[in-house]
Every structure is written in structure tokens, then in C-alpha cells.
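Structural characterization, general
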Amino acid sequence: MTIVRVADLSVTLDQPVLRNVSFEIGEGESIAIIGPNGSGKTVLLKSMLGLIPYTGEIAWREGTTVGYVPQKIDADRTVPLNARNLLHSKARVIGAPDAKIAETISRVGLSNEILSAQIGALSGGQFQRMLIAFAILGDPDIVLFDEPTASMDEPGEEQMHDLIHRLQQELNITAVIVSHDLSFVYRYATHVLCLNRRAICFGAPRQVLTPEVLEQVFGKRAIYDHPVHS
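1. A look at the pairing of strand β6 (residues 142–146)
With five of five residues buried, β6 is to be regarded as a mostly interior element. Burial along β6 is two-sided: the face carrying I142, L144 and D146 and the face carrying V143 and F145 are both buried. Direction of pairing for β6 relative to strand β7 (residues 174–178): parallel, over a ladder of five bridges. Bridging from a neighbouring strand, L144 pairs with V176 of β7. Between the parallel pair β6 and β7, the chain is carried across by helix α6 (residues 154–171), and the sense of this crossover is right-handed.

2. A few points about the sheet that holds strand β1 (residues 2–12)
The strand order β2-β1-β4 describes an open sheet built from three strands, whose pairing is antiparallel. The open sheet has two free edges, formed respectively by β2 (16–26) and β4 (55–60), since each of these has just one partner strand. Neighbour to neighbour, the strand axes of the sheet diverge by 10 degrees on average, direction disregarded. One ladder, built from five bridges, connects β1 with β4; its direction is antiparallel. Paired with R5 across the strands is A59, a residue of β4.

3. Thoughts on the state of the cysteines
Counted under the stated rule, the structure contains one disulfide. With its sulfur 2.2 Å from that of its partner, C194 forms a disulfide with C201.

Calculation rules
Residues numbered from 1 in each chain as written. Predicted model: local features only at pLDDT ≥ 70, side-chain atom pairs only at ≥ 80, totals over all residues. Heavy atoms only, no water. Buried < 20%, exposed > 50% of the residue type's maximum accessible area, 1.4 Å probe, protein only. Helix = DSSP H or I, 4+ residues; strand = E, 2+ residues; numbered from the N terminus. Pairing = 2+ DSSP bridges. Right-handed = clockwise from strand over helix to strand, strands pointing away. Axes fitted to C-alpha atoms, helices over the stretch in contact; angles between N-to-C directions. Disulfide = S-S within 2.5 Å.

Structure (C-alpha cells):
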């Protein structure tokens, strides 16, 4: 069953950012979005969330609930708030019981130390785990992840990829993940959307990520750095 259908999506901010992008996401799928810096990946997610103006059509299945994990938040991280404060605040807004908060904390792996630390004192990986916990509290049908492994080292990236994959299986959520890591795309994504201000490909990674497509998306150097797996 289709959760969201995007048709002829175009976005112009000071200049055209996305042009005539179309794709569909089905229930339970794992969609990776790849492309170079400035290709419109974050803009696409924000368009799907209704945060920026666009032309075209974004049609969500009736009743679909959406979680969002941004790459960063613009809030002042020096404010004396911790992860526990943020989770309890959201729980009050959505009417989630304390048991649901505890379940979410356990699933994401937030220790008491992380929960009690001010958000400005968290490492990049800890901060992302907090954002993921915040997004999945309330059991959304689909979660949009904007480069959840940005600025992490390789072991941290692996742990984050494994966490997202496990949460998707345990919670039966649909995932849309902006990623720069083609090994993650090949391993976990059911479909990949290649962006470079327009949709260059959409389909199963091993079928659509040909050397020619990767060159269109990233340039020749990317093919050398990220060879297509057989």
C-alpha cells in the first residue's frame, strides 16, 4: 500500500532547487536518498513535511503519521534542557504514558547519563539517538531521517545504521533516509532515489545504480570511491 506519492515536485528558493521529481513510497519500504551536496535532499524532506513551499503534488495516505529526524536543530543548545525533558514534553503533547517513554528509551539505547546531560553536552551520536527517540515516540507510520550519520566516524555510522534498521523491523515503520554511504544503501534500502536537483533514478539499488547513473549523480570520482557491488 502506498504511503505517499510525490508527483512533479519542484522547489524554487532563491533559485531552482528541485525540478519535476516523482516517486512513490510503499508501506514498510526503506528508501535511501543519495546525491551530492546541494542536490536538494534536505529540501525534498522539508517539502514532504510541508515546511517549505513547492509546486506539484505530495499525497499522503489518509491518517499517516510522520516522524522526522533532522541533521541538526536550530534551537540554542546552551539552553538547560536534557533528553528526558524533551521526551516528557512530547509525551504530554501526544498523550503518551510513561511506559511508552520508557519503552522508547530502551529501544534507542539512551542511558541515564545521556538522558540527564544537557543537550549541548551530547556527542554527535548521542544527539542523534535523542532525536530518533523523539521522532519514534508516538509510533509514527513513517520516519524521515536527514543524514543521521553526518560527522560520525565509521564505527559510529555502522552503529547508527544498525539501530535504524532494527527499529524499522521492530516497529514496522517505513523509513526514508538521506545518506552519503552507498554501502548502507546496498545493504538496507529497498529503493534508492538519486537526486541532483532532479530525479536521476528510482528503483532497487542493485538494478538502478549503474556506473553511468553514479557518474550522472556524483561524477567520475564517486564511481572510483564507491564501486557498484556485484
